[in-house]
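Here are the chains, one letter per residue:
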Amino acid sequence: MNNHVILLEDGWNKLKTGGVLKIEEILEDAQGGVYKHKISTDEYSQLYTTVYTMCTQKPPNNWSEPLYNNYCEAVIDYLTARILPRIKEKHDESMLRELVRRWENHKTIIRFLSHVFKYLDRFYVKRLSLPELAEVGSQKFLEIVFNSVKREVRSAILELIRRERECEQVDKHLIKSVIEIFVEMGGSRASLDTYATDFEEMLLSSTADYYSRESAKWAEKDSFPEYMRKAEDRLKQEQDRVAHYLHSSTEEKLLKVCDEQLLQTPEQQLLEKEHSGCEKLLLDNKVEDLSRMFRLFSRIPTGLPPISNIVRKHISDVGLALVKKQSSNAEGDLMPYVQELLDIHDKYTELVGTGPDKGCFQGHTIFHKAMKEAFEVFVNKDIGKTATAELLSNFCDNLLKKSGERLSDEALEDKLEKVVRLFGYLSDKDIFAEFYKKQLAKRLLLARSSSDDAERSMIAKLKLRCGAQFTSKLEGMVTDMNLSQDIQSAFSDHIKDKEIKLETDLTVQVLTTGFWPTYKSDDLNLPKEMLQCIETFKSFYDLRTSHRRLRWVHSLGSATVLGQFRPAGKVKEHDLMVSTYQACILLLFNEADAMTFSDIQGHLNLPPDELKRYVLSLCVGKYKILNKSPAAKEVESTDTLTYNVGFADRARRIKVPMIAAKITQEEKDATRATVDEDRKHAIEAAIVRIMKTRKSLDHQKLVLEASTQLMRHFKPDPKQIKKRIEDLIHREYLERDANNPNLYKYLA
């Protein structure tokens, strides 16, 4: 057999009849994947041997090249004569099914022939770098069949997809099989060019058209929440569509087209819908719909800013409405207003969320920013003549003093945390600090603080938000109180050691002037009982330090006085807990049972207006320790005051309340004046710090840098900064450049 030469025509006829045509017939006759005939192993072996022999014969009988060409022509003939006409004669789904069947058969034929002609592939094709036989088969199918029917095929698939979108049942397996042909037409390099160009582009275009029409229809007749439910449902369907039969690379592009048509294009129209838009959802607190809105519109790059603008405006409107309502009652109790501010803040903090998967907007920064900007608008509005900074300080005072709101430790901590968050929106934090300092001083000095831990916790929260400089004085006040306890213990030991006998027990709180608010000095003439105590303490303190001078602030002092009365002729004693001034008034009645108001003033040397308050608290308050004649509610200099011998009460210990002096506008103005003075120093310090570093700087940049540094504590007025610059030039800290008056230089 080895010596027998196979001629080209004989060999090819054998291969064509026993191989090419036979496999075609077998596949044509197959029914439902069952083959009526088969090619036996012997037949296959003979075909392979024929190819081997024809390719290994010596020239001129080496038929490698003619065999390769004949194979290509046989494939072309088969596709042109038998496959293409069968596909073209059918339409729509039938055409798709025929295409799928013919492509599967074609792959089987090519696979079989590739094995038969394997020797040709391994040597001739490799040596001449020709396309492999399997590649030729795929390429010819693309050129002859696929390119001829691809438009009709694409239209048929898109129609099926449209019908599925209209909720009709379609053959998903058929669509998947056809789409796989588009992918496989990319050849052995697995290129998606054919799929992308011949199918995907039109899919995306038809999807855009479809959802553009759907969107316009829904937007016209549906409410915003209903529209969002439909959109979310459709996006889920499109994701499933990719999973069922489209190529995975299409998912991102397809969903982007859907997002553009369903969300991006109609966004403004949807958000502004009159009775169901974003504003309405916020007003009705529709949590589920707001969450869906965030999920959907966060899919598109420009989706969230328009929503955040509506959220900002809504929160501002709610806050300003509250301010307007409260301003009509500016003289009443303003603490409920602060609580309402906290409630609004809680509500919108919950809405915005504190992190992923929390709140409707999942803690997204754009909504935190919108909320911050909205709160800054109305939190900085004054109620009448009262600044929110002052109100917040009053609210804290109410929480932290014994006579204020009763809360558990956890509830108090939580509420203080919320107040500090609200405080963060204040532009004038230094005003809050000044009021807070005065109220903290009263709580500490008059032992009104409900909890030392709560006081320290609040200072720590402020320190965390505004820095150590902001709270240094507050911390100093708390430290002073602790040091005072040590000094008091040392004083008690001193008295014991020196065997000094005092008629009155004395407790002294020594304060550092720089930390505490400024208190008025008075020239009170103390009774001898108190004078002895003060002199003893002064001599003790002078021994401890030679660099400090004591200044006594009697207005902050308190005393317990033993009062002896005779109601119904029986002696009854009461421990009267009073202020230092009240004690001084009462002690005068040890010397005389009756005194005129002017006599009392002469003895004590106190300002009349101040003294009137203390006298009234003893004779017209809850506990009438003194009687006044005439019994009017006003005190005149000629009024006579007498010791009320018949005073009686069930309790042994009685706390005699003061008639509270209302915080007058003058006092508020004085606090503001203190703040303004402190601001001058802060602005100057900032300017000097900047100029010391930069050496020279133009006016605009200096104002900008100084403002940026100071914004943490207050919002500086550029005119004020300019004024401070002029003052520093006058005091020769800075100078103007000789050639450029807008340029400043630092003078070391």
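Our subject is the structure listed above.
Since this is a predicted model, take the numbers as computed values, not measurements.

1. Remarks on the sheet that holds strand 1 (residues 558-565)
Right, on to step 1. In spatial order, the strands read 1-2-6; together these three strands make up an open sheet with mixed pairing. On the outer flanks of this sheet lie strand 1 and strand 6 (653-655), each paired with one strand and no other. With direction set aside, neighbouring strand axes in the sheet form an average angle of 25 degrees.
Right, on to step 2. Bridge count between strand 2 (residues 572-579) and strand 6: three bridges; the pairing is parallel. Directly across from Met577, in strand 6, lies its bridge partner Lys655.
Right, on to step 3. Helix-sheet contacts for helix 23 (residues 580-588) involve strand 1 and strand 2, and the interaxial angle to strand 2 is about 135 degrees.

2. Quick word on the layout of surface pockets
Right, on to step 1. In this model, the second largest pocket occupies a volume close to 690 Å³.
Right, on to step 2. Those elements that place two or more of their residues in the lining of the second largest pocket are helix 19 (429-445), helix 21 (468-498), helix 26 (665-694) and helix 27 (699-710).
Right, on to step 3. Broken down by element, the lining of the second largest pocket gets its largest block of residues, seven residues, from helix 26.
Right, on to step 4. Split into classes, the residues belonging to the lining of the second largest pocket amount to 10 nonpolar, six polar and eight charged.

3. Observations regarding helix 7 (residues 172-184)
Right, on to step 1. Given a rise of 1.5 Å per residue, 13 residues ought to cover 18 Å, and the 18 Å separating the end C-alpha atoms of helix 7 matches this to within 8%.
Right, on to step 2. The set of residues buried in helix 7 consists of Leu174, Ile175, Ser177, Val178, Ile179, Ile181 and Phe182.
Right, on to step 3. Of the surrounding secondary structure, the elements contacted by the buried residues of helix 7 are helix 4 (92-116), helix 6 (133-165) and helix 8 (193-221).

4. Observations regarding the pairing of strand 5 (residues 640-643)
Right, on to step 1. Direction of pairing for strand 3 (residues 594-596) relative to strand 5: antiparallel, over a ladder of three bridges. Within strand 5, the residue paired with Thr596 across the bridge is Thr640.
Right, on to step 2. Judged from the four bridges that link them, strand 4 (residues 626-629) and strand 5 form a sheet pairing that is antiparallel. In the sheet register, Asn627 faces strand 5, and the bridge partner there is Thr642.

5. Observations regarding the pattern of salt bridges
Right, on to step 1. A complete count under the given rule lists 58 salt bridges for this structure.
Right, on to step 2. Of the charged contacts, one joins Glu340 and Lys325 as a salt bridge, the two residues approaching to 3.7 Å between their closest N and O atoms. Residue Glu340 is located in helix 15 (residues 335-352), and its partner Lys325 is located in helix 14 (residues 304-327); the two are separated by 15 residues in the primary sequence.
Right, on to step 3. Take Glu340: its relative accessible area is 28%, and that puts it in the partly exposed class.
Right, on to step 4. Between Arg724 and Asp727 there is a salt bridge; the shortest N-O distance is 3.0 Å. Remark: Asp727 and Arg724 occur in helix 28 (residues 718-730); sequence separation between them is three residues, near one turn of the helix.
Right, on to step 5. Taking the relative accessible area as the measure of exposure, Arg724 reaches 10% and is therefore buried.
Right, on to step 6. Through salt bridges with shared partners, one network takes in Glu226, Arg229, Glu232, Glu288, Asp289, Arg292 and Arg295.

Conventions we followed
Residues numbered from 1 in each chain as written. Predicted model: local features only at pLDDT ≥ 70, side-chain atom pairs only at ≥ 80, totals over all residues. Heavy atoms only, no water. Pairing = 2+ DSSP bridges. Helix = DSSP H or I, 4+ residues; strand = E, 2+ residues; numbered from the N terminus. Axes fitted to C-alpha atoms, helices over the stretch in contact; angles between N-to-C directions. Contact = heavy atoms within 4.5 Å. 1 Å grid on protein atoms, 1.4 Å probe; cavity = no way out; pocket = protein on both sides within 12 Å on 5 of 7 lines; lining within 4 Å. Points joined across faces, edges and corners; volume = space filled by probe spheres on them. Nonpolar A, V, L, I, M, F, W, Y, C, P; charged D, E, K, R; others polar. Expected span 1.5 Å × (residues − 1). Buried < 20%, exposed > 50% of the residue type's maximum accessible area, 1.4 Å probe, protein only. Salt bridge = Lys/Arg side-chain N within 4 Å of Asp/Glu carboxyl O.

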